[in-house]
Amino acid sequence: AEFKSTGNTLFPDYQDFVDTRRDQTIVNLDYINPLDSISKLEAGIEVRQFETNVDYSSTGLTFQPDGTLIPTPDTDFVYGMDIYAAYANFGQTYAKWGYQLGLRVEDAEVKADTNQLRAFTDKYTELYPSGYVTYSPSEKNMFQASFSRRVDRPGLTQVNPIREWSTPLLSSFGNPTLVPQFTNSYELNYTRRLKNGSITSGVFFRSIKDEINRAVYIDRLDLNKLILTYDNFDDTSAYGIEISGNYKITKWWSFNASFDLYSQTQRGITESLQTDNDTATADDIVTEEIEVQNTAWNFRMNNSFKATKNLTFQLFGFYRGQNRTIQFEVEPMYFVNLGARYNFAKGRGTFNLNFNDIFNTMRFAVSGDQPYDQIGEFRWESQTVFAGISYRFGSGKNKAVKRKRRDNNTKQGGGGIL
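Residues numbered from 1 in each chain as written. Predicted model: local features only at pLDDT ≥ 70, side-chain atom pairs only at ≥ 80, totals over all residues. Heavy atoms only, no water.

Participant: Honestly, the sheet that holds strand β10 (residues 165-166) in this entry has me stumped. Any pointers?
Facilitator: The strands making up a sheet associate through hydrogen bonds between their backbones, and the pairing can be parallel or antiparallel. On the basis of which strands lie adjacent, the open sheet formed by four strands has the order β10-β11-β15-β14 and mixed pairing. The sheet is open, and its two edges are formed by β10 and β14 (211-218), each paired on a single side. Pairing geometry for strand β11 (residues 170-172) and strand β15 (residues 226-233), over three bridges, is parallel. Residue pairing in the sheet places S172 in a bridge with L228 of β15. (Pairing = 2+ DSSP bridges. Helix = DSSP H or I, 4+ residues; strand = E, 2+ residues; numbered from the N terminus.)

Participant: Looking at this structure, I do not really get the pairing of strand β25 (residues 374-378). What am I missing?
Facilitator: A regular strand places its side chains on the two faces of the sheet in alternate fashion. Burial along β25 is one-sided: the residues Q374, G376 and F378 are buried and none of I375 and E377 is. Taken together, the five bridges between strand β24 (residues 364-368) and β25 define a ladder with antiparallel strand orientation. Counted as the bridge partner of A365 is E377 from β25. Between β24 and the antiparallel strand that follows it, β25, lie five residues. (Buried < 20%, exposed > 50% of the residue type's maximum accessible area, 1.4 Å probe, protein only.)

Participant: Can you walk me through a nonpolar patch on the surface in this structure?
Facilitator: A cluster of nonpolar side chains, L188, L194, I199, V203, I241, I243, Y247, I249, L261, W297 and F299, forms an exposed patch at the surface whose accessible area comes to about 860 Å². Only β12 (181-194), β13 (197-209), β16 (236-248) and β18 (285-306) provide two or more residues apiece to the nonpolar patch. For the nonpolar patch, the element with the highest residue contribution is β16, accounting for three residues. Along the polypeptide, F299 turns up in strand β18. Judged by relative accessible area, which is 32%, F299 ranks as partly exposed. (Patch = residues over 30% accessible without salt bridge, like charges linked within 9 Å, V, L, I, M, F, W, Y side chains within 5 Å. Areas by Shrake-Rupley, 256 points an atom, 1.4 Å probe, with all protein chains shown as cover. Salt bridge = Lys/Arg side-chain N within 4 Å of Asp/Glu carboxyl O.)

Participant: Help me understand the environment of E51, please; the structure alone is not making it clear to me.
Facilitator: Along the chain, E51 falls in strand β3 (residues 39-58). Residue classification places E51 among the partly exposed positions, given a relative accessible area of 41%. It is 5.7 Å that separates the C-alpha atoms of E51 and Y79, two residues lying 28 residues apart in sequence. Here E51 is in contact with R21, R22, D23, V78, Y79 and G80, once residues within four sequence places are set aside. (Contact = heavy atoms within 4.5 Å.)

Participant: Sorry, what's going on with the pattern of salt bridges here?
Facilitator: Close approach of charged atoms allows side chains of opposite charge to pair. One pass over the full model with this rule turns up 15 salt bridges. Residues D55 and R21 are paired through a salt bridge, measuring 3.2 Å at the closest nitrogen-oxygen approach. With D55 in strand β3 and R21 in strand β2 (residues 15-33), this pair connects stretches of sequence that are 34 residues apart. On the basis of relative accessible area, R21 is assigned to the partly exposed category, the value being 40%. The salt bridge involving E109 is made with K111; its shortest N-O contact spans 3.7 Å. Owing to a relative accessible area of 23%, E109 belongs among the partly exposed residues under this scheme. Judged by its relative accessible area of 49%, K111 falls in the partly exposed class. Connected via shared salt-bridge partners are E46, R48, R104, E106 and R153.

Participant: I would appreciate a short explanation of unusual backbone geometry in the present structure.
Facilitator: Glycine aside, residues mostly have negative phi, and peptide bonds are mostly found in the trans state. For D210, which is not a glycine, the phi torsion comes out positive at approximately 55 degrees. Given the relative accessible area of 23%, D210 is considered partly exposed. The backbone of A345 sits at a positive phi, close to 55 degrees, despite the residue not being glycine. Its place among the elements puts A345 in the loop between β22 (333-344) and β23 (349-356). On the accessibility criterion, A345 (36% relative accessible area) is partly exposed.

Participant: Even after reading the chapter, I still don't get the sheet that holds strand β20 (residues 323-324), so can you show me in this structure?
Facilitator: Taken in spatial order, the four strands make up an open sheet running β20-β21-β24-β25, and their pairing is antiparallel. In this open sheet, the two strands that pair with only one neighbour each are β20 and β25. Note: β20 against strand β21 (residues 329-330), two bridges, orientation antiparallel. By the bridge assignment, R324 is partnered in β21 with E329.

Participant: What exactly am I supposed to notice about the nonpolar core here?
Facilitator: Nonpolar side chains tend toward joint burial in soluble globular proteins. Counting 20 residues, the largest nonpolar core has F77, Y79 and V159 as its most contacted members. Contributions of two or more residues to this core are made by β3, β6 (75-94), β7 (97-114), β8 (118-138) and α1 (156-159). Considering every element that reaches this core, the biggest residue donor is β6, with four residues. Once residues lying within four places of it in the same chain are set aside, the contact partners of F77 are T52, N53, V54, A112, D113, T114, L156, V159, N160, P161, I162 and P176. (Core = buried A, V, L, I, M, F, W, Y, C linked by side-chain atoms within 4.5 Å.)

Participant: Can you walk me through the side chain of T265 in this structure?
Facilitator: Here T265 lies in strand β17 (residues 253-273). At 3.1 Å, the side chain of T265 forms a polar contact with the side chain of Q293. The residues touching T265, leaving out its near neighbours within four places in the chain, are T236, S237, E291, V292 and Q293. (Polar contact = N/O pair within 3.5 Å; in protein donor to acceptor, adjacent residues only side chain to side chain.)

Participant: Even after reading the chapter, I still don't get the side chain of Q327, so can you show me in this structure?
Facilitator: In this fold, Q327 is placed in the loop between β20 and β21. If near-sequence neighbours (up to four positions away) are discounted, Q327 is found in contact with R214, A215, V216, I269, T270, S367, G368 and Q370.

Participant: When you look at the environment of N115 in this model, what are you seeing that I'm missing?
Facilitator: For N115, the position within the fold is in the loop between β7 and β8. Separated by 2.7 Å, the side chain of N115 and the backbone nitrogen of D76 make a polar contact.

What follows is the structure in structure tokens.
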């Protein structure tokens, strides 16, 4: 990637160059055995190895603490992750009852290095148990109780120490010392099957360790500026309700929708400057442990309209209510996407057209008072148009074996969005 600025008398035109190389290897083996008419055993092993190398160079200048300017130094950032995992699931079904118990064991090692000077290593072996029990008193009703433990690993953007962007008062960097966040989740759900759909409602409780979220700190090189980054906060907990459903209103209109409302207790650390004096130093920065109570809700709905046998339109809407984090009051966010799908050549060909964020409303707007009073709004390239066409050759009789989706208790890029 290449970024270019418009210069002035103090800062002439400059260019930033970012070269990113990624290597990824995934090897897995799955075993499934239906032991008898009511029992099933699943097991598997997996190896995942990732390495990303980011080289950064610039023709610009950088301020030093003494006020002088020097050429912006080059940065070489290497981030690697090796994961070795094994899992096993066992389940049985008896008439109206069913259950499944599972366990995944994982050994992981993360290595981060900046300019071969600042190295960070994180090694951990973790167990991820899961299980559920279902009870179906009739064909139209089902109850389920479940528990699981999952991991959310930081993504590359969240750990990359190279400046992502900057303004006169704020610069965004990743944090290479981030560790994963772990969540223990407990849920109780009820599903009602309807004539043309179904509805599911439930309650949940989640306990989160080392939550990954956005953080704002005072820039030690210039106390009038701020650093926007990511950090691990203290343990948090959340409980709430979820309602989801799907329904076919007519032959040509169907939809699915979901709503969740939750209350969350968050604990973390904020910074502030204890003096307004322009001669303040880093010694005047103090940290404070705080606790925040937050209630938030989300709603999403996807509509499908079948215009003809081969033409279908889709309308998707999302709304996230106002909420509170350790650092910010976050304003509501909403957007609407529109799409169309047309099949031709007896179903062999497909043409897709998508228009995302058609009203250009998607944004991250915040206000806060730590470490300074601040109001901010961030937008990204959310309003996009995509057109694609695909065509399937051959008879379709010899289909590739589908890879088993085993990895339901792990994902990458946890934490808040910005």
